[in-house]
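Inside the fold
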Amino acid sequence: ILAAVRRSDAAPDMAQQSTPVTSVPNVPVFDYGNGRTELVTLVLGGNPDLVAERRLVGSLTLSVKPFAKRDLRLSVTYEATTIHDQTGTVYAITPQTEAILPDLFVRDPIGRLVSVAYRPINFGVERQRTLNLTVNATGKIGTAASVPSGAKGKAPTQSSYYVGIGPSIKFSDRLQLRP
């Protein structure tokens with residue numbers, strides 16, 4: 001049985017922070033809010049305000065070797081991951097996305113979409129829960145090759161194998177864009 005808790009911080013990618021901001025006019029974008037394609041100004045580039053991602057991973061693993069004379073192992077790992085301030089870019093222009101991230105969208109006084117920002121942002125929090133099941137086996141194939149007499153310092157060689165398989169079951173993966 002192995003229990004582990006890992007915490008890590010990671011700075012955003014430099015390209016996500018330092019790429020120059022550019023505006024591209026007259027880009028056709030479908031606006032789900034009004035059901036039409038609009039010609040908008042697309043804002044692309046980096047975001048110098050990105051903060052470091054914080055990740056907390058807790059796991060519990062049970063490993064079993066059921067047979068004393070065979071190198072066969074079974075293991076089950078439950079893992080709970082929480083990620084704060086993950087960096088990403090939102091491309092979905094739905095009414096829900098616009099309500100959560102209003103700073104990425106600009107509309108004119110009559111409600112037509114006129115500008116969309118496809119720039120990296122920090123997401124609120126992501127929570128993942130997974131179960132990994134693994135079966136693996138190792139061993140030798142055949143018998144060791146003999147070493148010719150007079151060959152000093154040579155060890156007998158023997159082929160070996162490793163086989164492993166296992167599914168990963170994701171119970172949940174929830175991304176909250178903003179707190």
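Okay, so let's go over this structure. (Residues numbered from 1 in each chain as written. Predicted model: local features only at pLDDT ≥ 70, side-chain atom pairs only at ≥ 80, totals over all residues. Heavy atoms only, no water.)

1. Some details on the overall build of the protein
- When its secondary structure is counted, the protein shows two helices and twelve strands.
- In terms of overall dimensions, the protein is more spread out than a globule: its C-alpha atoms have a radius of gyration of 27 Å, far above the 16 Å expected for 179 residues.
- For the C-alpha atoms alone, the extent of the protein along its principal axes is close to 90 × 40 × 30 Å.
- For the protein, with 179 residues in total, the buried portion stands at 28%. (Helix = DSSP H or I, 4+ residues; strand = E, 2+ residues; numbered from the N terminus. Rg over C-alpha atoms; globule rule 2.2 N^0.38 Å. Buried < 20%, exposed > 50% of the residue type's maximum accessible area, 1.4 Å probe, protein only.)

2. Quick notes on unusual backbone geometry
- Backbone geometry places N26, a non-glycine residue, at a positive phi of 60°.
- Note that N26 resides in strand 2 (residues 22–31).
- N26 sits in the exposed class, given a relative accessible area of 56%.
- If you check the backbone angles, D85 has positive phi at about 60° while not being a glycine.
- By the secondary structure assignment, D85 is in the loop between strand 5 (72–84) and strand 6 (87–88).

3. Observations regarding the environment of D108
- Examined against the element boundaries, D108 turns out to sit in the loop between strand 7 (105–107) and strand 8 (113–118).
- It is 73 Å that separates the C-alpha atoms of D108 and I141, two residues lying 33 residues apart in sequence.
- For D108, the side chain forms a polar contact with the main-chain nitrogen of R112, separated by 2.8 Å. (Polar contact = N/O pair within 3.5 Å; in protein donor to acceptor, adjacent residues only side chain to side chain.)

4. Remarks on the pattern of salt bridges
- Under the counting rule described, the total for this entry stands at eleven salt bridges.
- Here D9 and R7 are joined by a salt bridge, their closest N and O atoms 2.8 Å apart.
- The exposed category is assigned to R7, whose relative accessible area is 58%.
- A salt bridge links R107 to E98; the shortest N-O distance between them is 2.7 Å.
- For R107, a relative accessible area of 28% gives the class partly exposed.
- Overall, E98 belongs to the buried group, its relative accessible area being 17%.
- Several salt bridges share partner residues, and in doing so they unite R36, E38, D108 and R112 into one network. (Salt bridge = Lys/Arg side-chain N within 4 Å of Asp/Glu carboxyl O.)

5. Notes on the pairing of strand 3 (residues 36–44)
- Taken together, the eight bridges between strand 2 and strand 3 define a ladder with antiparallel strand orientation. Bridge pairing links P28 to L39 in strand 3.
- A loop of four residues connects strand 2 with strand 3, the two strands running antiparallel in sequence, and G35 in this loop sits at a positive phi of about 75°.
- As defined by bridge partners, strand 3 adjoins strand 8 across four bridges and the pair is classed as parallel. Opposite L44, over in strand 8, you have Y118 as the bridge partner. (Pairing = 2+ DSSP bridges.)

6. Looking at the nonpolar core
- Counting residues in each nonpolar core, the largest one holds 17 residues, and the members touching the most others are V90, I93, L104 and V116.
- Elements with a minimum of two residues in this core: strand 2, strand 3 and strand 8.
- Here this core gets four residues from one element, more than from any other, and that element is strand 8.
- Here V90 is in contact with T97, L101, L104, Y118, I121, F123 and L177, once residues within four sequence places are set aside. (Core = buried A, V, L, I, M, F, W, Y, C linked by side-chain atoms within 4.5 Å. Contact = heavy atoms within 4.5 Å.)

7. Some points on the sheet that holds strand 3
- Pairing in this open sheet of four strands is mixed, and the strands run 2-3-8-7 from one edge to the other. Of all the strands in the sheet, the pair left with one neighbour each is strand 2 and strand 7. The sheet shows a mean angle of 25° between the axes of neighbouring strands, taken without regard to direction.
- Pairing analysis gives three bridges linking strand 7 to strand 8, with the strands arranged antiparallel. Each residue of the ladder has a partner; that of R107, found in strand 8, is L113. (Axes fitted to C-alpha atoms, helices over the stretch in contact; angles between N-to-C directions.)

Read these as spatial facts, not as claims about activity.
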